[in-house]
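Chain by chain, the residues:
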Amino acid sequence: MNTYKFCKCGKKILSHLSKCSECKITTVRNQNKHYDAFKRDRDSSSFYHSVEWKKLRSSFINDNPFCFKCGRFAKIVDHVIPIRQGGEKLNVTNLQSLCMTCHNKKTKEELKGVRG
C-alpha cells in the first residue's frame with residue numbers, strides 16, 4: 001500500500017519523495033541561476049548559454065547517453081581538458097558524457113591540481 005504526504009507546494013506525493021516533480025525542477029533551475037550569477041565567470045556563462053554549445057551538447061548527449069567512466073546514464077557533457085586549461089570549447093574530441101557522480105569527482109580532482 002502506498003503512503004502519501006504533501007509537498008511544500010501542497011501537491012500530494014509519495015512519502016519516500018522529498019518534492020513533487022515541479023518543485024524539483026524549480027529547485028534545480030534556482031540552483032543553476034545562483035551558480036551562474038555568483039560562481040561562474042561571465043565568459044563561461046555566456047558560452048554555456050550559447051546556441052552553438054546547446055546544439056553540440058544536445059547532439060553529443062544523444063549520441064553518447066552513458067557515462068564514459070562508469071557506464072551509468074549521463075546528464076553532463078564535460079570537457080576532457082577544461083577550457084580554462086586550454087581545452088577546445090566546441091571540439092567533440094574534447095568532450096565526454098559523465099554522470100553527476102563522476103563529473104563531481106573529476107571536478108574535485110581538477111580543483112586539487114589548480115590549488116596545488
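Report follows, based on the coordinates. Bear in mind that the values here come from a model prediction, so they are computed numbers and not experimental data. (Residues numbered from 1 in each chain as written. Predicted model: local features only at pLDDT ≥ 70, side-chain atom pairs only at ≥ 80, totals over all residues. Heavy atoms only, no water.)

Side note on the overall build of the chain
Counting secondary structure elements, the chain contains 4 helices and 4 strands. Along the chain, helices (α) and strands (β) appear in the sequence β-β-α-α-α-β-β-α when read from the amino end. Counting over 116 residues, the chain shows a buried share of 25%. In the chain, 41% of the contacts between residues at least 6 apart in sequence involve partners at least 24 apart. Total accessible area on the chain is roughly 8900 Å²; 54% of this is exposed by carbon and sulfur atoms. (Helix = DSSP H or I, 4+ residues; strand = E, 2+ residues; numbered from the N terminus. Buried < 20%, exposed > 50% of the residue type's maximum accessible area, 1.4 Å probe, protein only. Contact = heavy atoms within 4.5 Å. Areas by Shrake-Rupley, 256 points an atom, 1.4 Å probe, with all protein chains shown as cover.)

Observations regarding the side chain of H79
As for its position among the elements, H79 is in strand 3 (residues 76-79). If we ignore the near neighbours within four places in the chain, the residues touching H79 are F47, Y48, W53, E88, K89, N94, L95 and K106.

Section: helix 3 (residues 51-63)
The terminal C-alpha atoms of helix 3 lie 18 Å apart, and with 13 residues this matches the ideal 18 Å at 1.5 Å per residue to within 8%. Looking at helix 3, one finds that the buried residues are W53, L56, F60 and I61. Viewed along the axis of helix 3, the buried residues span an arc of 125°, placing them on a single side of the element. Residues V51, K55 and N62 are exposed on helix 3 and point more than 90 degrees away from its buried face. (Expected span 1.5 Å × (residues − 1). Arc of directions from axis to C-beta.)

Overview of the pattern of salt bridges
Tallied over the full model, the rule gives 5 salt bridges. Linking K11 and E22 is a salt bridge whose minimum nitrogen-to-oxygen distance equals 3.1 Å. Taken together, the residues span a long stretch of sequence, with K11 in the loop between strand 1 (4-6) and strand 2 (12-14) and E22 in helix 1 (residues 21-38) at a distance of 11 residues. Take K11: its relative accessible area is 40%, and that puts it in the partly exposed class. Between D78 and K106 there is a salt bridge, with the nearest N and O atoms lying 2.8 Å from each other. Here D78 is found in strand 3, whereas its partner K106 is found in helix 4 (residues 100-115), with 28 residues between them in sequence. (Salt bridge = Lys/Arg side-chain N within 4 Å of Asp/Glu carboxyl O.)

Note that all results are geometric; they support no functional claim without further evidence.
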